[in-house]
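Next come the chains, spelled out residue by residue.
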Amino acid sequence: MMTELFDYLRDLVGKSILPVEFLGDKACVLNRWLVKSELADDFTDRGIEPHLNPEGELLLPHEFGGSSKEKPESNWRYYISGELYAFYKYNAHNKLFSNDKNKYLYFVNSVYCTKPQDIVVHFHTLQPTPIRIWINGNLVFTSNPNYVIEKAFFMYHFNEGQNIILVERLSWSKDTMPPMGLDTFAIDLKPYSLVVDKEFNNGFLDDKFSWDLYNTYRIVPDRTVFDNEQDISLLVLPKYFKDGNTEEICVSVINSKGEVVSSCNTTTSKKISFRLDKDIKGTFLLKVEGICESKNSEIYVYRGNFEEETESLVRLAEERDDLSEDVIRTLKGLRAIPDVGTNLIKGYVEFINDVMFQLILQNYYEFERFLHLPKGNEKKQIFDVFDSRVMMFKDLGIDGIFIPYSIYLPKGYSKDKDYPLMVYLMFGYGGSTYDDPPIFVNQGDFSDAIALCISARGTLNNDYIHEVNVVKIIAEVADRFDIDRKNIFVTGICNGAIRSINLAMRFPDLFSAVGSFGGTARLDVKNPDYEYIKTLTIPCCTHSAMLMTLPSTVQGFYIL
């Protein structure tokens, strides 16, 4: 089936008189496609093959003008990104398809290589979006409505000559459509030889990046929360692919006591299911280890009635006299985030991405593990219960509203050592409700600072009320870890960049330095208040496509 389909797609791309082929020898952005849709009854199938039939004509623009909407949507049309604001990088294709029925949307193009070579693929969305990707018939990336991955890197060994890329994304009908922003994704390609070329990358390359590609797996469960009637099912993919390669792996399901409740030997790129007794419930660690290779990865899933059982955990915490209020507040906040029935954030039209859900479940797993220990006489503080990262909540005291933030301790953390505090105000594209840390922070691959990540959601950028609360969070974390105020640094990206500079201008004595990536100071264009900038006597690095022209008297800005 896959061979027939990709032969058909290869022939289709070859017939296109409009450009849908890219040169793989250089870095490129895939922003030109042939597109069509397939109707779907539901989205429950979690297999490894697309739902695309090898049929449909290749239409030119003049061939579907005035025709019924079914004709163009069931045949192939040409699409090119019109997203000028993002350098034509994002594929925003919503205008090409109606939303009256559930559909699978398909995008196909090709990459031509003059020689066989490894190419790094960077997939990302502006908001979490369920998408699957195939290269030359091999499934290389997958997510689904119940486990959404917002961004990912992997590497594929491209063949000499033509390589076919196929993307599938879901499109709900208008009556059942969950979040907004599902119409946008981007795929960047860069030959691995350029990735490791220090001159090409200006010397910036995280060594952990290459290690991660070669030594870890991508684990994608069918859902994050299973009920106790469901099998725990998942798919494991390598992060480095060659045509047709599979790897032998051992997959284990481990409870919070550290006991292996089920395991199996299998291969990557194959559906895996564990049938467990109904009374086996709680948070579980799924661990994948290579049998022939020294690779390993792990994620967390939940099995049971999440709402009832996490509420029970809160009651158990409140009944104990050896837990600080911070621990109880964290447990209450964690369960207030997910709507496990829809996989959306409660009260928002936004999917919970994999990074956010993994932190929530890791914290529950660690608390369940703590409950197996005997009670003590001294009150346990937050990092006596949780290992090295935890989501915490700043209660605003109004209608139960809180601001979430996450603390990440460095490798080898010692209470006897002084650490600087690195404050990350993360990407907030109008719907990024919870903090999304840098990759190296999320992986715990740092040792010289404590990291604090706070969401920089759009409405949190310029209002003074929330700005004061952000400052209070920073001050509370600094006090908790006895951090010298000369060692507090702040940086952010996009909306977080705007917030970073604004905080540094209004609270110049709080930070030692500020970094801004993809954002600038929000001053009134017609009547900018340069008094704000004059207070910024600390070093400030800014990187943006739109930089303000500042008077020569302003000190402390360094443009990269």
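Here the structure is shown first, and the text comes after it.
Now for a quick tour of the structure. None of these values were measured; they are calculated from a predicted model.

The helix and strand tally for the protein chain stands at 12 helices and 31 strands. Here the protein chain, with 560 residues, has 55% of them falling under the buried criterion. Of the contacts made within the protein chain by residues no fewer than 6 positions apart, 70% connect residues no fewer than 24 positions apart. In the structure as shown, the protein chain presents an accessible area of about 25,200 Å², 50% of it carried by carbon and sulfur atoms.

One way to put it is that helix 5 (residues 306-319) packs onto helix 7 (residues 354-371) with a least axis distance of 12 Å and a crossing angle of 50°. In terms of orientation, helix 5 lies oblique with respect to helix 7. For the pair helix 5 and helix 7, the crossing hand works out as left-handed. Every residue of helix 7 that contacts helix 5 at Phe306, Thr310, Leu313, Leu316 and Ala317 is listed here: Leu361, Tyr364, Phe367, Glu368 and Leu371. When grouped by side-chain class, the residues that make up the contact of helix 5 with helix 7 number eight nonpolar, one polar and one charged.

Here strand 17 (residues 248-254) pairs with strand 18 (residues 260-267) via seven bridges, running antiparallel. The residue bridging Glu248 from the neighbouring strand is Thr267, located in strand 18. Hairpin remark: strand 17 followed by strand 18, antiparallel, with five residues in the connecting loop; positive phi at Gly258, about 85°.

As a further point, take the nonpolar core. Formed by 75 residues in total, the largest nonpolar core has its most connected members in Leu9, Trp33 and Ile187. Formed by 68 residues, the second largest nonpolar core is a distinct cluster that contains Ala317, Leu361, Val470 and Val490.

Turning next to the packing of aromatic side chains. Under the defined criterion, the tally for this structure stands at 18 aromatic pairs. Three or more aromatic residues link up through ring pairs in this structure, and these residues are Phe154, Tyr156, Phe158 and Phe241. Taking NZ or CZ as reference, Arg32 lies 4.2 Å from the ring centre of Phe22, over its face. Arg77 extends its terminal NZ or CZ atom over the ring of Phe97, reaching a point 5.2 Å from the ring centre.

With that settled, consider the packing of helix 6 (residues 325-335) against helix 7. Packing of helix 6 against helix 7 leaves a shortest axis separation of 10 Å and a crossing angle of 135°. Between helix 6 and helix 7, the crossing angle belongs to the class labelled oblique. For the pair helix 6 and helix 7, the sense of crossing is left-handed. Facing helix 6, whose interface residues are Val327, Leu331, Leu334 and Arg335, helix 7 presents Ile360, Asn363, Tyr364 and Phe367. Looking at side-chain class alone, the contact of helix 6 with helix 7 contains six nonpolar, one polar and one charged residues.

Turning to its location among the elements, Glu309 is positioned in helix 5. The spatial distance from the C-alpha of Glu309 to the C-alpha of Arg335 is 10.0 Å, given a sequence separation of 26 residues. For Glu309, the residues in contact, after removing those within four places along its chain, are Lys281, Tyr302, Arg303 and Gly304.

So, about helix 4 (residues 207-215). Of the positions making up helix 4, those classed as buried are Lys208, Phe209, Ser210, Asp212, Leu213 and Asn215. For helix 4, the elements touching its buried residues are strand 7 (117-125), strand 10 (151-158), helix 3 (192-195), strand 16 (240-241) and strand 21 (296-303).

A few words on the pairing of strand 10. Direction of pairing for strand 7 relative to strand 10: antiparallel, over a ladder of eight bridges. Paired with Ile119 across the two strands is Tyr156, which belongs to strand 10. Pairing of strand 10 with strand 16 involves two bridges; the strand directions are parallel. Of the residues in strand 16, the one forming a bridge with Tyr156 is Phe241.

Definitions and limits used
Residues numbered from 1 in each chain as written. Predicted model: local features only at pLDDT ≥ 70, side-chain atom pairs only at ≥ 80, totals over all residues. Heavy atoms only, no water. Helix = DSSP H or I, 4+ residues; strand = E, 2+ residues; numbered from the N terminus. Buried < 20%, exposed > 50% of the residue type's maximum accessible area, 1.4 Å probe, protein only. Contact = heavy atoms within 4.5 Å. Areas by Shrake-Rupley, 256 points an atom, 1.4 Å probe, with all protein chains shown as cover. Axes fitted to C-alpha atoms, helices over the stretch in contact; angles between N-to-C directions. Parallel < 35°, antiparallel > 145°, perpendicular 65-115°, else oblique. Left-handed = near helix turned anticlockwise from the far one by under 90°. Nonpolar A, V, L, I, M, F, W, Y, C, P; charged D, E, K, R; others polar. Pairing = 2+ DSSP bridges. Core = buried A, V, L, I, M, F, W, Y, C linked by side-chain atoms within 4.5 Å. Phe/Tyr/Trp six-rings, centres within 6.5 Å; stacked < 30°, edge-to-face > 60°. Lys NZ or Arg CZ within 6 Å of the ring centre and 35° of its normal.

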